[in-house]
Amino acid sequence: MNKATISEIRKQFDKTLEEVHDAAALEALKYRYLGRKGKIADLFSRIRDLSSESRKEAGELLNRLKADLSAAIDARTAAFSAPREQRSYIDYSMPGYAMHRGSRHPLTQAVDDMLNIFQRLGFDIAYGPEVETDWFNFESLNFPPDHPARDMQDTFYTEGGGVLRTHTSPVQTRYMSTHEPPLRIVAPGRVFRNEAISARSYCLFHQIEGLYVDEGITFADLKGTIERFCRLYYGKDVKIKFRGSYFPFTEPSAEIDVSCFLCGGKGCPVCKQSGWLEIMGCGMVDPNVLKAVNYDTERFSGYAFGLGIERMLMMRLGINDIRILFENDVEFLKQF
Ligand code: DAH
């Protein structure tokens, strides 16, 4: 044994260490060099064959070699246990990070599906602002000044005297004030209500408004369109019920119920044990609304409807708490 042997061993070790990429290989390397029967131990045992003058020097060299190899192995052990992003080498055997693909929110999907159906039925799409004037949200739609919907308890008012629209109906008068009949539109969007938050109601939700104005439009046109829409969206077996109702901006007015999918009409918490779910309001546009936008009420008539997306969607997906649609919980959303 001489200096050359020792530096040869050091070189071999450095080369092998470079090729070590996991903890098991490192452990094997350590055993091979620093183990009880390893290369270093072997060299130490051969010291006694040397002449007495060379022994001291060889002993010093070997001690240094042993200390250096131990330090190199310790450093690499620490590197293996460091968090992945702090490691200075690349471990090609590590599994990669999974990429999660995003998807459209179920509410967006539902709105898109419904708009597609209405477009097939000949409707254009129109939009209006979320912060509305009192005139468009209430006045133009024939709400009397003391209507309870105007109460602060029900409506969010902005500092400048605007309102967060409480429904998409103001898009009706907005659109009519810049277009002449005939017109046939659907208007999707968010609406806001100052209500107690519960499983069934939230401070904001989505609606789609529909409006058709032309000469000679009747309730039969409304009925046909709504029935067609419900069958295309829910499937041909859905049951539909028109129930007389009241809205300031339609006369006559109706509400539409569809049979509850969740319980098949037997009764469950979502349909409040009735077997029916109310999905929309509708009616013939009140002449006062047409007058508000200077339409000739002798010549033109129309129908309107407004439907709540969340309720429809909850029914479709079997969700019984509306709040989950607004929580952005990835575990929930990634199912869609
Ligand atoms: N705007 C009503 C609401 O939010 C829904 C509605 C009812 C809209 C009847 C209509 C309609 O266009 O004709 O409750």
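The preceding data block contains the structure.
Residues numbered from 1 in each chain as written. Predicted model: local features only at pLDDT ≥ 70, side-chain atom pairs only at ≥ 80, totals over all residues. Heavy atoms only, no water.

## A few points about the packing of aromatic side chains
By convention here, two paired aromatic rings are described through the distance between centres and the angle between planes.
And step 1. Taken as a whole and assessed by the stated rule, the structure comprises 17 aromatic pairs.
And step 2. Between Trp-135 and Phe-136, the aromatic rings sit 5.0 Å apart at their centres with planes inclined by 80°, giving edge-to-face as the arrangement.
And step 3. Phe-136 gets classed as buried once you look at its relative accessible area, which sits at 14%.
And step 4. Geometrically, the ring pair formed by Tyr-212 and Tyr-303 is edge-to-face, given 5.5 Å between the ring centres and 90° between the ring planes. (Phe/Tyr/Trp six-rings, centres within 6.5 Å; stacked < 30°, edge-to-face > 60°. Buried < 20%, exposed > 50% of the residue type's maximum accessible area, 1.4 Å probe, protein only.)

## Remarks on the environment of Gly-162
And step 1. Looking at where Gly-162 falls in the secondary structure, it is placed in the loop between α6 (134-137) and β3 (163-164).
And step 2. Measuring from C-alpha to C-alpha, the distance between Gly-162 and Phe-305 comes to 24 Å, with 143 residues separating the pair along the chain.
And step 3. Apart from residues no more than four positions distant in its own chain, Gly-162 is found in contact with Glu-132, Phe-156 and Tyr-157. (Helix = DSSP H or I, 4+ residues; strand = E, 2+ residues; numbered from the N terminus. Contact = heavy atoms within 4.5 Å.)

## Observations concerning the site of the ligand
And step 1. Neighbouring the ligand are 15 residues; His-167, Ser-169, Arg-193, Gln-207 and Glu-209 lie closest to it.
And step 2. Between the ligand and Ser-169, the relevant distance is 3.0 Å, taken from a nitrogen atom to a side-chain nitrogen or oxygen of the residue.
And step 3. With respect to the ligand, the backbone of Ala-304 contributes an N or O atom lying 3.1 Å from an oxygen atom.
And step 4. Expressed as a share of its isolated accessible area of 350 Å², the protein-covered part of the ligand is 89%.
And step 5. Of the pockets mapped on this structure, the ligand occupies the largest pocket.
And step 6. Counting residues per element, the ones that place at least two in the shell around the ligand are β5 (204-215), β8 (276-285) and β9 (300-308).
And step 7. Classifying every residue of the shell around the ligand by side-chain character gives five nonpolar, eight polar and two charged. (Near = heavy atom within 4 Å. Polar contact = N/O pair within 3.5 Å; in protein donor to acceptor, adjacent residues only side chain to side chain. Areas by Shrake-Rupley, 256 points an atom, 1.4 Å probe, with all protein chains shown as cover. 1 Å grid on protein atoms, 1.4 Å probe; cavity = no way out; pocket = protein on both sides within 12 Å on 5 of 7 lines; lining within 4 Å. Sits in = over half its atoms within 2 Å of the grid points. Nonpolar A, V, L, I, M, F, W, Y, C, P; charged D, E, K, R; others polar.)

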